[in-house]
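Structural overview
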Amino acid sequence: MPIELRPWQVEALGRLSRARGRFIALGMPTGSGKTLTALYAAYTVFNSDLTIYLLRTINEEGVVWHEYNALRGGGITNSDISTLHGKRHFCPREFIDEGEPVVKCGNCPLYKNLINDASAHCTGILNSDEKRECIDEVLDGWSIKLLKSMRSIDPTTADINEAYLTVLGLKPPSEVNGKWAGDCSYTVMIGTVKYAGLVVGNYNYLLHPGVKVLKGIAEAARNPLIIIDEAHNLDGLPDAYSRRISPVRLREMASGITELCRRYNCGRIEGAVRPDTLTPLINGIANKLEELYNRSASGFKVGENAPVVDIENITRLVDEAAVLLAPYLELEVNEADVKALRVINRIGRFIDSKVMLDNYVAGRLRGYGAYIHVGKKGPSMWLMPKLPKYVYGELLNELHNATWLLMSGTLPSIEYIRRVYGFPIHDDDYIIINARIGRINSVRIIDTASSRYSERGDETFRNYAGIIANIVGGSPTGIVLLVVYPSYEFMNSVLKYLNLNGVAVALTEGVVKSLKAVRDEAVRIVEGGGRVVLNAVAGGRFTEGVEIRHNGESLIKAVIIAGVPYPNFRDTALQDRARESGLGEAWFEQRAVVNIMQAIGRSIRSRNDTVDIILIDERFRWFARRLPLLKAN
Ligand code: SF4
């Protein structure tokens, strides 16, 4: 099928072909065919021999896969696509702790089964080196076979491991009496990247300092193109890559060790304090740390980051805990004992965090901040990069042969991209394409409320609830209204007073977990003639990912922005980001603009979509002028 490009896609390709540097930013509205444009450019403008397409979630991976197939069908490329997934899509649930596998792939029973299955193809070879070589060749052959199939396997398939294993003729994992049968296809999947022309995966695969699976192939490529999709999500990297020291975890480690020592001989570990002595010592340290953390975080609320007040004493206590815990890293546990490995891994992570803290205190950790984070389960200390560029900054120089293309439907300003993301973009290479997708019917500002921190209280929340209830009550039936609040705390405070009186069904972020469940439920209610109110937090999962469409049309017909969604001004980590970027208040403003435009983008997904925008905050009298989509309409 020939590829038909829309006029704005042709315009974007023309401007990309005139780009001057190797760092380019492309802003195109949601629904305008950004992904297709970028891939088309990879093959026709940049002539890249390797395209690495980085994104945030697996759902977005599905779009890239779809567009790649369209281009391949249209004869624009014949390269192969490799679609990557994180380990958590492969590991059985009990192998995962704090988002990380507790077993190293090399020690994992499922990897060993895979090697055994591969070695069954190498019978009769006695020399161990030759046998290893043969097994590597079999694994390589499997990677090539899998790669050839990836263009027909939708990467959003629920059980991707099973789908890949089916291609390879291998069995999925199963546990019988504590023994794992079956295989894991993770390492075979990773092997596909060597042979692919297009690799699609999560930001981590290149940007995470500890992962960088793709760095080697990017270095080896002649002319690699690295696309960062929905680049405004780079702002989430500092939180995701923070190291944490938590009193709750310390206590859990102590009780985990006690349990371990009932099953293993801990008496033989050199320098280890016996578990019955260790537990009270660690608990004592945890209590003192908690006290210091609480003192730092006095007056801060759940979710906020406070400055660290007494870092010397905190460091001393962390050192004491490390001295007590480190010997247990030597405990030899059964490599299939996931419960034991979980405890050992946590100790390892704690020691890593302690080293990081030492470096921070000694001034060797450039661009990092230390904060006391107030969590639901209590306070913890976070060591966090102040800006996304400190996570991956070196890579921009190291991959000197690469062209980087940042894309977003809500692209931050060029100044923001330079200072916060660290991409030295030339003025001419900041490309904004104003495609008119869908229509904003109306924009209404309600200025009888204010979400300013200084004015927040029951009166404010009741006021917002009343205004929202009126809007919902006066809206047509059979639609979805997306209400976006500046924070969870603000949302929950308003929801205490929001009485929809049976005129609408509320689906609330944090209560309904899966986006698919939200969509199915919303479509069902709207189909039955009802109204749905989606309560969402700015920058949260709903505003980043929810799409409620039926018969090719978005059912979100109204977007209500209940308060200017500035990031929390009181949060010390966010203040540091603003200061470190040199943007000051403009940093907060940019985040608010991106949050609003992202929310509005959920309602306009294609040409025929229409939406009414209601902005509730007296500050919108001037702030609305900052919103590009509204200016264009
Ligand atoms: S081999 Fe697979 S299941 Fe085992 S740790 Fe690695 S990713 Fe997880």
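Throughout, residues of each chain are indexed from 1 in the direction in which the sequence is written. A pLDDT threshold of at least 70 governs which residues receive local features in this predicted model, and a stricter bar of 80 or more applies before side-chain atom pairs are shown or counted, although totals over entire chains, interfaces and linings include all residues.

Thoughts on the overall build of the chain
When helices and strands are tallied, the chain shows 24 helices and 23 strands. The size measure is the radius of gyration over C-alpha atoms, and the globule rule it meets is 2.2 Å times the number of residues to the 0.38 power. Since a compact globule built from 633 residues should have a radius of gyration of about 26 Å, the 26 Å found for the chain is in line with a globular shape. In terms of overall dimensions, the chain has C-alpha extents of about 75 × 65 × 50 Å along its principal axes. Residues with at least 20 neighbouring C-beta atoms inside 10 Å of their own are called buried, those with 12 or fewer are called exposed, and the rest are partly exposed, where every C-beta is derived from the backbone. Residues classed as buried in the chain amount to 45% of the 633 residues present. Across the chain, every contact between residues at least 6 apart in sequence was considered, and the portion connecting residues at least 24 apart equals 78%. Here a helix means four or more residues in a row that DSSP labels H or I, a strand means two or more in a row labelled E, and each is numbered from the N terminus. Once C-beta atoms have been placed from the backbone, residue pairs whose C-beta atoms lie within 7 Å are recorded as contacts.

What to know about the sheet that holds strand β22 (residues 556-562)
Strand pairing is assigned whenever DSSP identifies at least 2 bridges connecting the two strands. What the 6 strands build is an open sheet, ordered β16-β23-β22-β17-β19-β18; its pairing is parallel. Every other strand in the sheet has two partners, leaving β16 (439-446) and β18 (505-508) as the edge strands with one partner each. Recorded for the sheet is a direction-independent mean angle of 20 degrees between the axes of neighbouring strands. The sheet contact formed by β18 and strand β19 (residues 532-537) spans 4 bridges and is parallel. Pairing of L507 across the sheet is with L534, part of β19. Axes here refer to lines fitted to C-alpha atoms; in helices the fit is confined to the stretch in contact. Angles between the N-to-C directions go from 0 to 180 degrees. With respect to the sheet, helix α19 (residues 515-527) is in contact with β17 (480-485), β18 and β19, its orientation differing from that of β18 by roughly 170 degrees. Across the sheet, helix α22 (residues 585-601) touches β17, β22 and β23 (610-616), and the angle it forms with β22 is around 160 degrees.

A look at the domain arrangement of the chain
What counts as a domain boundary in this text is fixed by an automatic or database domain assignment. Considered domain by domain, the chain is made up of domain 1 (1-79 + 197-230 + 409-435), domain 2 (87-193), domain 3 (243-385) and domain 4 (439-632). Here the C-alpha centroids of domain 2 and domain 3 sit 34 Å apart. Each partner contributes to the interface: domain 2 provides 7 residues, whereas domain 3 provides 6 residues. Three classes are used: nonpolar for Ala, Val, Leu, Ile, Met, Phe, Trp, Tyr, Cys and Pro, charged for Asp, Glu, Lys and Arg, and polar for all others, with Gly counted as polar. Taken together, the residues of the side of domain 2 that touches domain 3 sort by class into 4 nonpolar, 1 polar and 2 charged.

Notes on the sheet that holds strand β9 (residues 224-228)
Pairing is parallel across the open sheet formed by 7 strands, whose spatial order is β3-β8-β2-β9-β14-β1-β15. Strands at the two margins of the open sheet, each flanked by one partner only, are β3 (81-83) and β15 (430-432). Strand after strand, the sheet turns through a mean of 15 degrees between neighbouring axes, direction not considered.

What about the pairing of β17?
Where burial is concerned, most of β17 is hidden: 6 out of the 6 residues are buried. Burial along β17 is two-sided: V480, L482 and V484 facing one way and L481, V483 and Y485 facing the other are all buried. With 6 bridges joining them, β17 and β19 adopt parallel strand pairing. Bridge assignment links V483 to a residue of β19, and that residue is N535.

Details of the environment of P155
Position of P155 relative to the elements: it lies in the loop between α5 (128-150) and α6 (160-168). For the pair P155 and N202, spaced 47 residues apart in the sequence, the C-alpha separation amounts to 12 Å. Look past the residues within four positions of P155 in its chain and what remains in contact with it is I58, E61, G62, W65, T83 and I160.

Some details on the environment of P412
Tracing the chain through its elements places P412 in the loop between β14 (403-408) and α16 (414-421). Not counting residues within four places of it along the chain, the set of residues in contact with P412 comprises H232, I417, Q590 and V594.

Describing the pairing of strand β8 (residues 198-202)
Burial runs high along β8: 4 of the 5 residues are buried. Alignment of β3 against β8, held across 3 bridges, turns out to be parallel. Bridged to T83 within β8 is V200.

Let's talk about the packing of helix α2 (residues 34-44) against helix α3 (residues 58-73)
Where α2 contacts α3, the two axes come as close as 9 Å, and the packing angle between them is 50 degrees. Looking at the two axes, α2 sits oblique to α3. As α2 packs across α3, the resulting crossing turns out to be right-handed. Across the interface between the two elements, T35, L36, L39 and Y40 from α2 touch V63, V64, E67, Y68, A70 and L71 from α3. Classifying every residue of the contact of α2 with α3 gives 8 nonpolar, 1 polar and 1 charged. Orientation is classified from the angle alone, with under 35 degrees giving roughly parallel, over 145 giving roughly antiparallel, 65 to 115 giving roughly perpendicular, and any other angle giving oblique. The crossing is said to be left-handed when, going from far helix to near helix, the turn is anticlockwise and less than a right angle, and right-handed when the turn is clockwise.

Looking at the packing of helix α13 (residues 311-325) against helix α14 (residues 338-361)
Two elements in contact, α13 and α14, have axes separated by 10 Å at closest approach and are oriented at 145 degrees. In the packing of α13 onto α14, the handedness of the crossing is left-handed. For the pair α13 and α14, contact is made by I311, T315, V318, D319, A322 and L325 and by I347, F350, I351, K354, L357 and V361, respectively. Of the residues belonging to the contact of α13 with α14, the class tally is 9 nonpolar, 1 polar and 2 charged.

As for α3
Helical geometry: 3.6 residues make up each α-helical turn, so side chains three or four residues apart lie on a common side. To estimate the expected span of a helix, count its residues, drop one, and scale the result by 1.5 Å. Counted at 1.5 Å a residue, the expected span for α3 with its 16 residues is 22 Å, and the 23 Å between its end C-alpha atoms agrees. The set of residues buried in α3 consists of E60, E61, V64, W65, E67, Y68 and L71. In this structure, the buried residues of α3 make contact with α2, β2 (50-55), β3 and β8. Just past α3, the residue G75 takes up positive phi, approximately 75 degrees.

Notes on α2
Among the 11 residues of α2, 9 are classified as buried, and the element is accordingly described as predominantly covered. Those residues of α2 that sit buried are K34, T35, L36, T37, A38, L39, Y40, A41 and A42. On its buried face, α2 is in contact with α1 (7-17), β2, α3, β9 and β14.

Here we look at unusual backbone geometry
Working note: non-glycine residues mostly have negative phi, and peptide bonds are mostly trans. Positive phi is not limited to glycine here, since E230 has a value of about 45 degrees. Looking at where E230 falls in the secondary structure, it is placed in the loop between β9 and α10 (237-240). The exposure class assigned to E230 is buried, which follows from the 22 C-beta atoms found within 10 Å. Positive phi, normally seen in glycine, also occurs at N501, with a value near 45 degrees. Within the fold, N501 resides in the loop between α18 (488-495) and β18.

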